[in-house]
Amino acid sequence: MSNRPPFLQSLDLDQPGTRTGTVYLVGAGPGDPELLTLRAARLLGMADVVVYDNLVGKGILDMARPDAERVYVGKQKDNHTLPQQEINALLARLAKQGKQVVRLKGGDPFIFGRGGEELEVLAEEGIRYEVVPGITAASGVSCYTGIPLTHRDYAQSCLFTTGHLKDGSLNLDWEILAHPRQTVVIYMGLGALPEISSKLVEQGRAASTPVAVVEQGTTRRQRVATGTLATIAERVAEQKFKSPCLIIVGEVTQLHDKLQWFAGSVPQLATAVA
Ligand SMILES: C[S@@+](CC[C@H](N)C(=O)[O-])C[C@H]1O[C@@H](n2cnc3c(N)ncnc32)[C@H](O)[C@@H]1O
């Protein structure tokens, strides 16, 4: 009988008779390993195989079972180590071999993570799967920069969108994105930042609207550039920001100066409490 607390026992996976192949689609969070969920950490510690891509930090992979097979499947913009179809087939093959597979994805698997595409294939093939949510980049970056995504004085809604469509085009609903009193968070938008800024202004969002761009948020390499729709593209180019970057458009970004607290590391709990 396990003497671990009940909430951990409920995560036991190796009970007799349950050792069939399963794919666990797990969100790894935005970078800081301490932002993993308890369930993600437990699953990493038991998986036979961890299939991961480029937004998953080394500190997180170190939590995998020492003898677990680690398979890097890449995925940087336009540079996929394995094409998506082959990743889907790999997951299905491993599960059919009876392996416990953790498919680890940056952030949350269901937010711009192609998690749905991978699960569709598993569902069609009758393979067991589970999904573990992760902290998406927008939440992680927002908290680690002191930029609340909503605020009663500035933004009553918040919209997540991508600056990189499947066919490479940037055909977004600019009219909706340009509405005032909302925060727009743009994933994968760094390359298109000049176009995004000018389209928003064209559609009526003030050129003076504050914007923040955050590079490698929640990690010790986090950098923040602030400006307005008129100036941000130039600032980011001057400072040579590189992917991964999140763009936050809206008045809430002004709060960064006042509310920022993260200086590259988070105090350990024991130190913070002492
Ligand atoms: C393919 S999407 C994956 C998003 C992920 N599923 C999530 O929920 O955060 C990759 C994009 O997420 C954003 N991103 C992910 N991690 C980030 C981080 N630590 N800092 C800034 N942006 C990040 C960037 O826009 C990056 O290009």
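The structure displayed is predicted, hence computed values, not measured ones.

## Topic: the overall build of the protein
Each helix and strand counted, the protein has 11 helices and 10 strands in total. Counting only residues that meet the buried cut, the protein has 45% of its 274 residues in that class. Pairs at least 24 residues apart make up 68% of the contacts formed inside the protein by residues separated by at least 6 positions. Counting only carbon and sulfur atoms, one obtains 53% of the accessible surface of the protein, whose full area is about 14,100 Å².

## Looking at the nonpolar core
In a soluble, globular protein the nonpolar side chains are often hidden away together inside. Among the nonpolar cores identified, the biggest contains 21 residues, and Ile 196, Leu 200, Val 213, Ile 247 and Val 249 are the most heavily contacted of them. Elements that contribute at least two residues to this core include exactly helix H7 (174-177), strand S7 (182-187), helix H8 (193-202), strand S8 (210-215), helix H9 (232-238) and strand S10 (245-249). Counting residues in hydrophobic clusters, the runner-up holds 18 residues, among them Ala 28, Ala 40, Leu 44 and Ala 47.

## Thoughts on the pattern of salt bridges
Under the counting rule described, the total for this entry stands at 9 salt bridges. Residues Glu 130 and Arg 39 are paired through a salt bridge, measuring 2.6 Å at the closest nitrogen-oxygen approach. Placement of the pair is Glu 130 in strand S5 (residues 128-132) and Arg 39 in helix H2 (residues 38-46), with a sequence separation of 91 residues. On the accessibility criterion, Glu 130 (27% relative accessible area) is partly exposed. By relative accessible area, Arg 39 is classed as partly exposed at 22%. Here Arg 103 makes a salt bridge to Asp 53, at a shortest N to O gap of 3.4 Å. With Arg 103 in strand S4 (residues 100-105) and Asp 53 in the loop between strand S2 (49-52) and helix H3 (58-61), the pair connects residues that are 50 residues apart, well separated along the chain. A single network of salt bridges, built from pairs that share partners, joins Asp 53, Arg 103, Lys 105 and Glu 118.

## Overview of the site of the ligand
Around the ligand, 19 residues are found, and the nearest of them are Pro 30, Ile 111, Thr 136, Met 188 and Cys 245. Separating a nitrogen atom of the ligand from a backbone N or O atom of Ile 111 is a distance of 2.7 Å. Within the backbone of Cys 245, an N or O atom sits 2.7 Å from an oxygen atom of the ligand. For the ligand, the accessible surface in isolation is 570 Å², of which the surrounding protein chains cover 89%. Counting residues per element, the ones that place at least two in the shell around the ligand are helix H6 (137-145) and S10. Of the residues that make up the shell around the ligand, three or more belong to each of domain 1 (19-135) and domain 2 (138-259).

## Concerning a nonpolar patch on the surface
A surface patch of nonpolar side chains, amounting to about 270 Å² of accessible area, comprises Phe 110, Tyr 129 and Val 131. Of note, Val 131 is situated in strand S5.

## With respect to the packing of helix H4 (residues 84-96) against helix H5 (residues 115-124)
Two elements in contact, H4 and H5, have axes whose closest approach is 9 Å; the angle formed by their N-to-C orientations is 45°. The pairing of H4 with H5 is recorded here as oblique in orientation. H5 is crossed by H4, and the crossing has right-handed handedness. The residues of H5 that touch H4, namely those facing Gln 84, Ile 87, Asn 88, Leu 91 and Ala 92, are Glu 117, Glu 118, Val 121 and Leu 122. Across the contact of H4 with H5, the residue classes break down as 5 nonpolar, 2 polar and 2 charged.

## Examining the packing of aromatic side chains
Using the criterion set out here, one finds 6 aromatic pairs in the structure. Where Phe 160 meets Tyr 187, the ring centres are 5.9 Å apart and the plane angle is 55°; that geometry is what we call tilted. Residue Phe 160 is found in strand S6 (residues 157-162), and its partner Tyr 187 is found in strand S7; the two are separated by 27 residues along the sequence. Judged by its relative accessible area of 31%, Phe 160 is partly exposed. Through pairs of rings, three or more aromatic residues link up here, namely Phe 112, Phe 160 and Tyr 187.

So, how was this worked out
Residues numbered from 1 in each chain as written. Predicted model: local features only at pLDDT ≥ 70, side-chain atom pairs only at ≥ 80, totals over all residues. Heavy atoms only, no water. Helix = DSSP H or I, 4+ residues; strand = E, 2+ residues; numbered from the N terminus. Buried < 20%, exposed > 50% of the residue type's maximum accessible area, 1.4 Å probe, protein only. Contact = heavy atoms within 4.5 Å. Areas by Shrake-Rupley, 256 points an atom, 1.4 Å probe, with all protein chains shown as cover. Core = buried A, V, L, I, M, F, W, Y, C linked by side-chain atoms within 4.5 Å. Salt bridge = Lys/Arg side-chain N within 4 Å of Asp/Glu carboxyl O. Near = heavy atom within 4 Å. Polar contact = N/O pair within 3.5 Å; in protein donor to acceptor, adjacent residues only side chain to side chain. Domains from an automatic or database assignment. Patch = residues over 30% accessible without salt bridge, like charges linked within 9 Å, V, L, I, M, F, W, Y side chains within 5 Å. Axes fitted to C-alpha atoms, helices over the stretch in contact; angles between N-to-C directions. Parallel < 35°, antiparallel > 145°, perpendicular 65-115°, else oblique. Left-handed = near helix turned anticlockwise from the far one by under 90°. Nonpolar A, V, L, I, M, F, W, Y, C, P; charged D, E, K, R; others polar. Phe/Tyr/Trp six-rings, centres within 6.5 Å; stacked < 30°, edge-to-face > 60°.

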